[in-house]
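Here is how the chains run, residue by residue.
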Amino acid sequence: MSEEIKVMLRPEWITWENIRECIYLAQQTNLEKGFDMNFGHYSAAEIEKEVGDGMCFVALNKENKVIATCSYKISQINRWWSKGQGAYLCLAGVHPDYQGKKIYSALCKKREEHIVSRTDVDTIWFNTAEHNYYVQKKHALGGFVKVQLSPSSKGANYYSVIMAKYLNRKPLPQLLLSALYYLSFIVVKILYKPGKIRRI
């Protein structure tokens, strides 16, 4: 990554509209791959609401333009793969001109360091499109494991893979976590269509 790229918590002078523009442009790459991430169509106000009291990180080029962003927020988890307080990763995107330059990795590293510095988080988790193999592979290399396949939000054209990283210890042995993931895969494929939060 170039030394001219700066990675940091979103400063106040970076607006939510700046974040929206970056996410929108990043979404174009996803569309070319065949899946439409809902947050790519969010307004600046919707993005601000989604992040809420969470933390937003940005990568800036030498002109101080937002070229990548990612966020997290604290949420309560009550699922079979985790219970308690977790950090939910959301709203990540890299400008098409800067993809493949390790900026996303640097941004995710900065975000995770911030999460790990907290004492109230046991699990880091996120969801992504089933066929977004690049993101899944990147996070698997960082210690994330697939824990569930779920129906995506209404209107999306994909299933969502949920991945989690445990900061203390896994709630179940890895073999059982994997088995339960594939069980959820089978059940969701049978009962749901992409973008339909209801049974077929």
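Residues numbered from 1 in each chain as written. Predicted model: local features only at pLDDT ≥ 70, side-chain atom pairs only at ≥ 80, totals over all residues. Heavy atoms only, no water.

A.B. asks: Is there a simple way to think about the overall build of the protein chain in this case?
C.D. replies: Looking only at helices and strands, the protein chain has five helices and seven strands in total. Starting at the N terminus and ending at the C terminus, the protein chain contains elements arranged as β-α-α-β-β-β-α-β-α-β-β-α. Taking all contacts inside the protein chain whose residues are at least 6 apart in sequence as the whole, residues at least 24 apart take part in 66%. Accessible surface, the protein chain as shown: approximately 10900 Å² in total, 54% of it carbon and sulfur. (Helix = DSSP H or I, 4+ residues; strand = E, 2+ residues; numbered from the N terminus. Contact = heavy atoms within 4.5 Å. Areas by Shrake-Rupley, 256 points an atom, 1.4 Å probe, with all protein chains shown as cover.)

A.B. asks: Help me understand the pairing of strand S4 (residues 82-94), please; the structure alone is not making it clear to me.
C.D. replies: Every other side chain in a regular strand lies on the same face of the sheet, so the side chains alternate between the two faces. Sheet topology note: the strand S3 (residues 66-79)/S4 ladder contains 11 bridges and is antiparallel. Counterpart to Ser71 in the pairing with S4 is Cys90. Connecting S3 to the next strand, S4, in antiparallel fashion are two residues. Across three bridges, S4 lies against strand S5 (residues 123-129) in parallel orientation. Counted as the bridge partner of Tyr88 is Trp125 from S5. For the crossover from S4 across helix H3 (residues 103-116) to S5, the handedness is right-handed. (Pairing = 2+ DSSP bridges. Right-handed = clockwise from strand over helix to strand, strands pointing away.)

A.B. asks: Quick question: what am I supposed to make of the packing of aromatic side chains here?
C.D. replies: For any pair of aromatic rings, geometry is given as the distance between the ring centres together with the angle between the planes. One pass over the structure, following the stated rule, counts six aromatic pairs. Summarising the aromatic geometry, the rings of Phe57 and Tyr72 are spaced 6.3 Å apart at their centres and angled 20° between planes, so their arrangement reads as stacked. Taken as a pair, Phe57 in strand S2 (residues 55-60) and Tyr72 in strand S3 lie far apart in primary sequence, 15 residues in all. With respect to burial, Phe57 and Tyr72 carry one shared label: buried. (Phe/Tyr/Trp six-rings, centres within 6.5 Å; stacked < 30°, edge-to-face > 60°. Buried < 20%, exposed > 50% of the residue type's maximum accessible area, 1.4 Å probe, protein only.)

A.B. asks: Is there a simple way to explain the environment of Leu180 in this structure?
C.D. replies: Here Leu180 lies in helix H5 (residues 174-191). Ignoring anything within four residues of it in the chain, the contact list for Leu180 reads Trp80 and Leu172.

A.B. asks: Sorry if this is basic, but what is going on with the nonpolar core here?
C.D. replies: Generally speaking, nonpolar side chains in soluble globular proteins are found buried as a group. Counting residues in hydrophobic clusters, the biggest one holds 27 residues, and the most contacted among them are Ala59, Leu89, Leu107 and Ile115. Listing elements by their share of this core, those giving two or more residues are S2, S3, S4, H3, S5, strand S7 (159-166) and H5. When residues no more than four places from it in sequence are discounted, the contact partners of Leu89 are Ser71, Tyr72, Arg111, Ile115, Ile124, Trp125, Phe126, His139 and Phe144. The next biggest cluster of nonpolar side chains, apart from the first, holds 25 residues, and it includes Ile14, Ile19, Val51 and Cys90. (Core = buried A, V, L, I, M, F, W, Y, C linked by side-chain atoms within 4.5 Å.)

A.B. asks: What is the right way to read the pattern of salt bridges from this model?
C.D. replies: Pairs may arise between side chains of opposite charge once their charged atoms sit close together. Enumeration according to the criterion identifies five salt bridges in this entry. Its salt-bridge partner being Arg20, residue Glu17 comes within 2.9 Å of it at the nearest N-O pair. Placement of both Glu17 and Arg20 in helix H1 (residues 16-33) is noted, with a separation of three residues, approximately one turn of the helix. Overall, Glu17 belongs to the partly exposed group, its relative accessible area being 31%. Salt-bridge contacts for Lys73 lead to Glu50; the nearest nitrogen and oxygen are separated by 3.4 Å. Of the two residues, Lys73 is situated in strand S3 and Glu50 in helix H2 (residues 44-51); the sequence distance between them amounts to 23 residues. (Salt bridge = Lys/Arg side-chain N within 4 Å of Asp/Glu carboxyl O.)

A.B. asks: For this particular structure, what's the right way to read the confidence of the model for the protein chain?
C.D. replies: Detailed reading of predicted coordinates is not advised where the pLDDT is low. In this model, the protein chain carries a mean pLDDT of 88, and residues with pLDDT of at least 70 account for 88%. When pLDDT is averaged over each helix and strand of the protein chain, the minimum, 86, is found for H1 and the maximum, 97, for S2. (pLDDT = per-residue confidence, 0-100.)

A.B. asks: I would appreciate a short explanation of the environment of Leu149 in the present structure.
C.D. replies: With respect to the secondary-structure elements, Leu149 resides in strand S6 (residues 145-151). Linking Leu149 and Tyr181, residues 32 residues apart in sequence, is a C-alpha distance of 6.7 Å. Look past the residues within four positions of Leu149 in its chain and what remains in contact with it is Glu130, Tyr159, Ser160, Val161, Tyr181, Ser184, Phe185, Val188 and Lys189.

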